[in-house]
Amino acid sequence: MNFEDAELYRDITDTARDTPSWVQHAAEIWTEAGLLVFVALFAAVWWRARRDSTQAFAIAALAPLATAVAYVCSEVVKSGVAEDRPCRAVTDAASSLAACPPHGDWSFPSNHATIAGASAVALALVRRTLLWLTAPLALLMAFSRVFVGVHYPHDVAAGLALGALCAFALIRLSTGPAIRLAEAMRSSSAPAVRWFTGPGPATPPAHAANTAHTTPRQPTRHR
């Protein structure tokens, strides 16, 4: 933490204290419950991927796993850095909107920002257009952690970067094995397993396919 970061923290928390009470309450709710939006998106892309290609399903199944791995990485870094929370360490700052976590619940990097960054990238790897939704949500989550006073700006910036990098690397490295596993699960004899993976893309009925590939007969002319 440097002087400029502490000053930016003070500016943001001072502004937070000057906002209307409904904004403060909304920020407190979002900074904790906002991660549930990503959980809902994970569920939605998994459900849709059940009728998509095996590759799309494999990445959709890997997305929450990659986010969990990113969280573990964040916890490891936290324990190594052991940076105190700004709500205790920064003098002359406005009181935090959220309760200051106890000593030992370290500040760097932000777990919430790490989860948000990982979720945003993982979901975008499933369906690229989702980045237009997930990226703003991740940035909003990261900013809210500073707004409510429990993280420095560099905590959330590092969390976003760490989460995005972990999710991207794990999914890229694991997609091949995950595809092979998904193929095996889709051909499993267990109904519960087939329900989880879904049937994959719909295929046209056999008679329709045969009709499409059959050359129509020319009418016979009688002389």
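All residue numbers refer to positions counted from 1 along the written sequence of the respective chain. Totals for whole chains, interfaces and linings use all residues, but because this is a predicted model, local features are given only for residues with pLDDT of at least 70 and pairs of side-chain atoms are given and counted only at 80 or more. With hydrogens and water set aside, each side-chain value is computed from the structure's full complement of heavy atoms.

Visitor: It is not clear to me how the overall build of the protein should be interpreted in this structure. Could you clarify?
Guide: Each helix corresponds to a stretch of at least 4 residues labelled H or I by DSSP, and each strand to a stretch of at least 2 residues labelled E; elements are numbered beginning at the N terminus. Looking only at helices and strands, the protein features 10 helices and 0 strands. Each helix (α) and strand (β) of the protein, taken in turn from the N terminus, gives the series α-α-α-α-α-α-α-α-α-α. For each residue, the accessible area found with a 1.4 Å probe, counting protein chains only, is set against the maximum for its type, and the residue is called buried under 20%, exposed over 50%, and partly exposed in between. Within the protein, buried positions represent 42% of all 223 residues. Note on areas: Shrake-Rupley with a 1.4 Å probe; residue coverage comes only from the protein chains shown. A total accessible area of about 12600 Å² is found for the protein, and carbon and sulfur atoms account for 65% of it.

Visitor: Quick question: what am I supposed to make of the confidence of the model for the protein here?
Guide: As a general rule, the predicted coordinates of low-pLDDT regions are not to be interpreted in detail. In this model, the protein carries an average pLDDT of 86, and 89% of its residues clear a pLDDT of 70 or more. pLDDT is a residue-level measure of predictor confidence that goes from 0 to 100. At the low end of the mean pLDDT range in the protein sits helix α10 (residues 206-213), at 50; at the high end sits helix α6 (residues 111-126), at 95.

Visitor: Just checking my understanding: could you explain the state of the cysteines for this structure?
Guide: The term disulfide refers to a covalent linkage connecting the sulfur atoms of a pair of cysteines. Throughout, a disulfide means two cysteine sulfur atoms within 2.5 Å of one another. Taken as a whole and assessed by the stated rule, the structure comprises 1 disulfide. At a sulfur-sulfur separation of 2.0 Å, the disulfide partner of Cys-87 is Cys-100. Disulfide Cys-87-Cys-100: the torsion about the S-S bond is 75°, which places it as right-handed. Here Cys-87, found in helix α5 (residues 86-89), pairs with Cys-100, found in the loop between α5 and α6; they are 13 residues apart in sequence, far enough to count as distant. Residue class for Cys-87 comes out partly exposed when judged on its relative accessible area of 24%. In this structure Cys-73 is a free cysteine whose sulfur lies 3.8 Å from that of Cys-166, the closest cysteine sulfur available. Under the relative-accessibility criterion, Cys-166 is labelled buried at 16%.

Visitor: Hey, could you run me through helix α2 (residues 21-33) in this one?
Guide: Since the α-helix turns once every 3.6 residues, residues separated by three or four places project in the same direction. The span you would expect from a helix comes to 1.5 Å times its residue count less one. In this model, α2 (13 residues) spans 18 Å end to end at C-alpha, consistent with the 18 Å of a helix rising 1.5 Å per residue. Taken together, the buried positions of α2 are Gln-24, Ala-27, Trp-30 and Thr-31. Within α2, the buried residues cover an arc of 130° as seen down the axis, which keeps them to one side. Turned more than 90 degrees away from the buried face of α2 sit Trp-22 and Ile-29, all of them exposed. When we speak of the arc, we mean the arc of directions from the helix axis to the C-beta atoms.

Visitor: Just checking my understanding: could you explain the nonpolar core for this structure?
Guide: Most often, soluble globular proteins have nonpolar side chains that are buried together. One finds Phe-38 and Leu-123 to be the most contacted residues of the largest nonpolar core, which totals 51 residues. Residue assignment for this core shows that the elements contributing at least two residues are α1 (3-18), α2, α3 (35-49), α4 (54-81), α6, α7 (131-147) and α8 (153-186). Among the elements that make up this core, the one with the highest residue count is α6 (9 residues). By convention a nonpolar core is built from buried Ala, Val, Leu, Ile, Met, Phe, Trp, Tyr and Cys residues, the set being connected through side-chain atoms within 4.5 Å.

Visitor: Got a minute to help me understand the packing of α3 against α6 in this structure?
Guide: For any two helices packed against each other, the geometry is given by the interaxial angle and the distance between the axes. Every angle, taken between N-to-C directions, lies between 0 and 180 degrees, and every axis is a line fitted to C-alpha atoms, over only the stretch in contact when it is a helix. Put simply, α3 and α6 touch, their axes get as near as 10 Å, and they point 20° apart. The orientation of α3 relative to α6 falls into the category roughly parallel. Two packed elements cross with a definite hand, and for α3 against α6 that hand is left-handed. Contacts between α3 and α6 involve Leu-35, Phe-38, Leu-41, Phe-42 and Val-45 on the former and, on the latter, His-112, Ile-115, Ala-116, Ser-119, Ala-120, Ala-122, Leu-123 and Val-126. Throughout, the term roughly parallel applies to angles under 35 degrees, roughly antiparallel to angles over 145, roughly perpendicular to angles from 65 to 115, and oblique to all others. Crossings are sorted by hand: turned counterclockwise from the far helix by less than a right angle, the near helix makes the crossing left-handed, and turned clockwise it makes it right-handed. Contacts are assigned to residue pairs that have any heavy atoms within 4.5 Å of one another.

Visitor: Before we go on, may I ask you to explain the packing of aromatic side chains in this structure?
Guide: Centre distance and the angle of the planes are the two values used to describe a pair of aromatic rings. We call Phe, Tyr and Trp rings a pair once their centres come within 6.5 Å, taking the six-membered ring for Trp, and we label the pair stacked below 30 degrees between planes, edge-to-face above 60, and tilted otherwise. Under the criterion given, the structure shown has 7 aromatic pairs. Pairing Phe-57 with Phe-196 gives two aromatic rings, centres 5.8 Å apart and planes at 85°, and the pair type is edge-to-face. Here Phe-57, found in helix α4, pairs with Phe-196, found in helix α9 (residues 191-197); they are 139 residues apart in sequence, far enough to count as distant. Since its relative accessible area comes to 35%, Phe-196 is described here as partly exposed. On the basis of an interplanar angle of 45° and a centroid distance of 5.8 Å, the ring pair of Phe-143 and Phe-147 is categorised as tilted. In this pair, Phe-143 and Phe-147 both sit in helix α7, 4 residues apart, roughly one turn of the helix. Residue classification places Phe-143 among the partly exposed positions, given a relative accessible area of 43%. Taken together through their ring pairs, the aromatic side chains of Trp-46, Trp-47, Phe-57, Trp-195 and Phe-196 make up a single cluster. The ring of Trp-195 carries Arg-50 above its face, with NZ or CZ at 5.2 Å from the centroid. Geometrically, a lysine NZ or arginine CZ counts as sitting over a ring once it is within 6 Å of the ring centre and also within 35 degrees of the ring normal.

Visitor: What is the right way to read the pattern of salt bridges from this model?
Guide: Opposite charge on two side chains allows them to pair when their charged atoms are near. By salt bridge we mean one thing: a side-chain nitrogen of Lys or Arg within 4 Å of a carboxyl oxygen of Asp or Glu. In this structure the tally under the stated criterion is 5 salt bridges. Arg-10 is paired through a salt bridge with Glu-7; the nearest N and O atoms lie 2.5 Å apart. On the criterion of helical spacing, the pair formed by Arg-10 and Glu-7 is a turn pair, its members being 3 residues apart in helix α1. Of the charged contacts in the structure, one is a salt bridge between Asp-84 and Arg-88, with a shortest N-O distance of 2.8 Å.

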